Amino acid sequence: MKKLLLLGDIHANYPALNAIEKYIQPERFDRIINTGDFTVYSTFPNETIQWFRERKKTICILGNTDLRVLRILKGKKLKRPKKDEKRVMYFWTSENLHPENISYLKSLPKQTDFTVGQMRIGLFHGTLDDPDEELDPSVPESRFHKLADHSRFEVHIMGHSHVPYYKIVGGVHFINPGSVGRMFDGDPRASFAVLKIFSGNIAVEHFRIPYPVEKVVEGLKDQQLPDIYGKMFRVGKKLN
Ligand SMILES: [Fe+2]
């Protein structure tokens, strides 16, 4: 049996990542997967990236927030987001990332795939077709079927929607571990999943665990970043 730890949408929330590490002991896993969005909305992007850089057996891709940070670092204009209170989070991140962590982000792909046993697995931030597509269980089944129809993978691991779920459509296993560091559903606890693969079978287990949210709130205060983000982390909801 192979065991994969599924992480994603950490959004620089190192206290949440650290709580997961203590709870689950990542070294026991054959692979550590990250669906992207390492950065933005809390103040620990360096600690978060460093955590992956230090570990072997990781498979990581970039998310839309990481790509925007890299855009800023290239000196390009940031068209979106439009709201100042969101933009300041992107600019703060680009100004505070250490060079070796920037290099690491630059080395990562936008999507990738790998094989475990006989199982072909695709890793996407949004979906196979579009890194910005939000695929959650409220999306019509027909969309899942379309993705399954032209997929060469038995398993799709995705992030971006921040909605944890596991769904089998058209013979494809669609798995989203939810967001480690930025919850939208009113439950402020960190989300992640464990994927077990054994003799052609799959088992998925989702977890929600508490973490010291006040460390994130303090980090934001320290850096004089907009108060609204502290509130969001406390209630586990998107408020802007
Ligand atoms: Fe995200």
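Residues numbered from 1 in each chain as written. Predicted model: local features only at pLDDT ≥ 70, side-chain atom pairs only at ≥ 80, totals over all residues. Heavy atoms only, no water.

(A) Representation of the coordination of the iron ion in the model. Around the iron ion, the protein supplies Asp9 (OD), His11 (NE2), Asp37 (OD) and His162 (NE2) as donor atoms, at distances of 2.1 to 2.3 Å. Given four donor atoms and angles of 85 to 177° at the metal, the environment of the iron ion is assigned as irregular. Sequence positions of the donors to the iron ion reduce to the motif D-x1-H-x25-D-x124-H. Here His11 is found in the loop between β1 (2-7) and α1 (14-24), whereas its partner His162 is found in the loop between β6 (155-158) and β7 (165-169), with 151 residues between them in sequence. (Donors = N, O, S within 2.8 Å, 3.2 Å for Na, K, Ca; no water. Tetrahedral: all angles 85-135°; square planar, octahedral: opposite > 155°, others 65-115°. Helix = DSSP H or I, 4+ residues; strand = E, 2+ residues; numbered from the N terminus.)

(B) Seen up close, the packing of helix α7 (residues 213-222) against helix α8 (residues 227-235). Interaxial distance between α7 and α8 falls to 9 Å at its minimum, and their mutual angle equals 175°. Considered as vectors, α7 and α8 are oriented roughly antiparallel to each other. Judged by residue contacts, Val213, Glu214, Val216, Val217 and Leu220 of α7 engage Tyr229, Gly230, Phe233 and Arg234 from α8. The residue inventory of the contact of α7 with α8, partitioned by class, reads six nonpolar, one polar and two charged. (Axes fitted to C-alpha atoms, helices over the stretch in contact; angles between N-to-C directions. Parallel < 35°, antiparallel > 145°, perpendicular 65-115°, else oblique. Contact = heavy atoms within 4.5 Å. Nonpolar A, V, L, I, M, F, W, Y, C, P; charged D, E, K, R; others polar.)

(C) Focus on unusual backbone geometry. Each neighbour pair has its own omega, and for Arg80 with Pro81 the value is 0°, a cis peptide bond. With respect to the helices and strands, the residue Pro81 is situated in the loop between α3 (64-73) and α4 (84-96). The backbone phi angle of His160 is positive, close to 75°, even though this residue is not glycine. Mapped onto the elements of the fold, His160 is located in the loop between β6 and β7. Among the residues examined, His160 registers a relative accessible area of 10% and is labelled buried. (Buried < 20%, exposed > 50% of the residue type's maximum accessible area, 1.4 Å probe, protein only.)

(D) Highlighting α8. Those residues of α8 that fall on the buried side of the exposure criterion are Ile228, Tyr229, Gly230, Met232 and Phe233. Contact partners of the buried residues in α8: α4 and α7. Gly236 lies just past α8 and shows a positive phi near 70°.

(E) Here's a closer look at the packing of α3 against α4. Direction vectors running N to C along α3 and α4 enclose 65°, while the axes themselves pass 9 Å from each other. Crossing of α3 against α4: the hand is right-handed. Along the contact surface, α3 presents Thr65, Arg68, Val69, Ile72 and Leu73, while α4 presents Tyr90, Phe91, Thr93 and Ser94. (Left-handed = near helix turned anticlockwise from the far one by under 90°.)

(F) The pattern of salt bridges, seen in detail. For the structure on display, the rule yields 10 salt bridges. A salt bridge links Glu154 to Arg120, with the nearest nitrogen and oxygen atoms 2.5 Å apart. With Glu154 in the loop between α6 (141-149) and β6 and Arg120 in strand β5 (residues 119-124), this pair connects stretches of sequence that are 34 residues apart. Linking Asp185 and Arg208 is a salt bridge whose minimum nitrogen-to-oxygen distance equals 2.9 Å. Linking Asp185 in the loop between β8 (172-176) and β9 (190-198) with Arg208 in strand β10 (residues 201-209), this pair joins segments that are 23 residues apart in sequence. By relative accessible area, Asp185 is classed as partly exposed at 46%. Taken together, the shared-partner salt bridges connect Asp185, Asp187, Arg189 and Arg208 into one network. (Salt bridge = Lys/Arg side-chain N within 4 Å of Asp/Glu carboxyl O.)

(G) Expanded view of the layout of surface pockets. Approximately 680 Å³ is the volume attributed to the largest pocket. Around the largest pocket, the lining is made up of 27 residues, and of these Asn64, Thr65, Arg68, Tyr90 and Asp132 lie nearest the centre. Secondary-structure elements contributing two or more residues to the lining of the largest pocket are α3 and α4. In terms of residue count, α3 provides more of the lining of the largest pocket than any other element does, six residues in total. Across the lining of the largest pocket, the residue classes break down as eight nonpolar, five polar and 14 charged. (1 Å grid on protein atoms, 1.4 Å probe; cavity = no way out; pocket = protein on both sides within 12 Å on 5 of 7 lines; lining within 4 Å. Points joined across faces, edges and corners; volume = space filled by probe spheres on them.)

(H) Spotlight on the side chain of Asp66. Structurally, the position occupied by Asp66 is in helix α3. Nearest to the buried, unbridged Asp66 among oppositely charged side chains is Arg68, at 10 Å. There is a polar contact of 2.7 Å between the side chain of Asp66 and the side chain of Thr39. For Asp66, the contacting residues outside a window of four places in its chain are Gly36, Asp37, Phe38 and Thr39. (Lys, Arg positive; Asp, Glu negative; His and termini not counted. Polar contact = N/O pair within 3.5 Å; in protein donor to acceptor, adjacent residues only side chain to side chain.)

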